[in-house]
Amino acid sequence: MPRRHPLSVAAVLILAFAPCACSSASEPLPELPAVSELPRRDELPDALTTFIGARSIDSPDAWRDVRAPELRRLFQHYVYGFWPTTAEVRSEVIKDVTIAGGKVRYKHVRLTHGDGSAPPINVALFLPPAATRAPPVFLALDPCGNHTLIADPEVALSSAWVDGLCPGAVDNKATEAGRGGRAERWPIALIVERGFALAAVHESDIDPDNRDDTSFADGVHPHYQVDVAPAQRWGTIAAWTFGVQRVVDHLVADSDVDGKRIITVGHSRRGKVALLAAAFDERIAMAIPHQSGTGGATLSRSSLGESLFAINGLFPHWFNDTFPLFNNKEVFLPVDQHLLIALVAPRPLLATNGDDDSWADPPGALRAVEAASPVYELLGSSGLQKNGNDVLLEADLSWHSRPGGHSLGLEDWQTFLRFAEHHFGAQ
Ligand code: GCU
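A brief report on the enclosed structure follows. Bear in mind the structure is a predicted one, so any value in this text is a computation, not a measurement. (Residues numbered from 1 in each chain as written. Predicted model: local features only at pLDDT ≥ 70, side-chain atom pairs only at ≥ 80, totals over all residues. Heavy atoms only, no water.)

Notes on the pairing of strand 6 (residues 197-202)
The buried count for strand 6 comes to six of six residues, which makes it a mostly enclosed element. Two strands pair when backbone bridges link them, and strand 5 (residues 137-142) and strand 6 are joined in this way by six bridges, in the parallel orientation. In the strand pairing of strand 6, Phe 138 is matched with Leu 198. (Buried < 20%, exposed > 50% of the residue type's maximum accessible area, 1.4 Å probe, protein only. Helix = DSSP H or I, 4+ residues; strand = E, 2+ residues; numbered from the N terminus. Pairing = 2+ DSSP bridges.)

Structure below.
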């Protein structure tokens, strides 16, 4: 029988607004040129020179006050779209039990947000069962539902839309047959044994990854009004980022985790979100975008891997309606992805890759972290550290490539844990 924790009664907590270094969707952006008027830049835009006025950034204050806000606006305007800065979040503990033969504590927290009309976000918190201090927490999206992460009937079965390829999916709905179907990607017992927590969220609770849905009739989109031109509206990657930020709202107020040591981690399209969320929200202490590729940690200007033409054609709902104007015209982008990495500085960031995962472009991601390093250095970090061609894994800013292709598994988690333990100390 699972052990029930004393505080497992459905407690409702209304979270105060935590200060958030988020962008403002309401600021007018009259000075930003149309894509057709942007200058060509064959080289990567310099991290330490402003776009407006070509001012040189030579101090941490100038970075924080001038360049970082400018970059966040540029990324929202030209790439991801603008999403709501804040929303009121209410947390309800639905279940709090011990599972996996006593090795893991599972706490199901349901978040409602805004006016409460949007679908709730179900957070599966997997915790060390007998932690003596609040553990750092990995925060991750998964495409198929929290019940696919571990085969345990206590974990709530998702009621949100699932892709037909998800384990146990029938007519785009989750079924009992899917329990634990993605467990090899999520070594929960190991994560918890090493003293970390995992907060997992089914991305469809925020926005279904419905590739034929560019009208944004489902998920969070219809429940929030963002006052921007149609070409700057938020796509699915921005919506997922908004949802991750609402989970951060909860985590910083939940005494079962260390709200000052939140790590966003994600594979592939969810790696793009892990990076974007950390770039826009300084409450996130570390980011590990894994094989995040185009629109993530690799460069749009890289000639390797997935092009903008490919990603905007295959996934028209991921970005805003301005980004496709850069298809085959990447050199006109006023930003590139090294600048998104730079926005995480000086917080630790590890971009992980697979040697055979050429679509996600590991060399382009290495160039991106190299080009972000001057910002880490400006902010007092040693940034990327190399010995010849070897990158030091434990540096504040790092890149790693293991043998193999596009996947997430135990070996990757061993790397994530090594990086996190180095920066946060063994738990
Ligand atoms: C596709 C897409 C990538 C994405 C990946 C994934 O391959 O082109 O950009 O990262 O799916 O999410 O698995």
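Section: unusual backbone geometry
The phi angle of most residues is negative, glycine excepted, and most peptide bonds adopt the trans form. Omega for the peptide link from Ala 345 to Pro 346 comes to 0°, which places this bond in the cis form. Its location among the elements puts Pro 346 in the loop between helix 6 (337-342) and strand 9 (349-354). Here Asn 172, not a glycine, exhibits a phi torsion of approximately 60°, which is positive. Exposure remark for Asn 172: the relative accessible area of 33% places this residue in the partly exposed category. Positive phi is not limited to glycine here, since Asn 328 has a value of about 60°.

Some remarks on the packing of aromatic side chains
Taken as a whole and assessed by the stated rule, the structure comprises 13 aromatic pairs. The ring of Phe 424 has Arg 261 lying over it, and the distance from NZ or CZ to the ring centre is 5.6 Å. (Phe/Tyr/Trp six-rings, centres within 6.5 Å; stacked < 30°, edge-to-face > 60°. Lys NZ or Arg CZ within 6 Å of the ring centre and 35° of its normal.)

Digging into the environment of His 223
Mapping His 223 onto the fold places it in the loop between strand 6 and helix 3 (236-251). The exposure class of His 223 is partly exposed, given its relative accessible area of 26%. Sequence separation between His 223 and Ser 117 is 106 residues, and the spatial gap between their C-alpha atoms is 6.7 Å. Dropping the residues within four chain positions of it, His 223 is found in contact with Ser 117, Ala 118 and Pro 119. Only 2.7 Å separates the side chain of His 223 from the side chain of Ser 117, close enough to count as a polar contact. (Contact = heavy atoms within 4.5 Å. Polar contact = N/O pair within 3.5 Å; in protein donor to acceptor, adjacent residues only side chain to side chain.)

Quick word on the site of the ligand
Surveying the vicinity of the ligand reveals the residues Ser 268, Arg 269, Lys 272, Glu 306, Ile 311, Phe 315, Trp 318, Trp 359 and His 406. Separating an oxygen atom of the ligand from a side-chain N or O atom of Lys 272 is a distance of 2.9 Å. Between Trp 359 and the ligand, the recorded distance is 2.9 Å, taken from a side-chain N or O atom to an oxygen atom. Calculation on the ligand without its partners gives an accessible area of 320 Å², and the protein chains cover 82% of this total. Of the residues in the shell around the ligand, the class split is four nonpolar, two polar and three charged. (Near = heavy atom within 4 Å. Areas by Shrake-Rupley, 256 points an atom, 1.4 Å probe, with all protein chains shown as cover. Nonpolar A, V, L, I, M, F, W, Y, C, P; charged D, E, K, R; others polar.)

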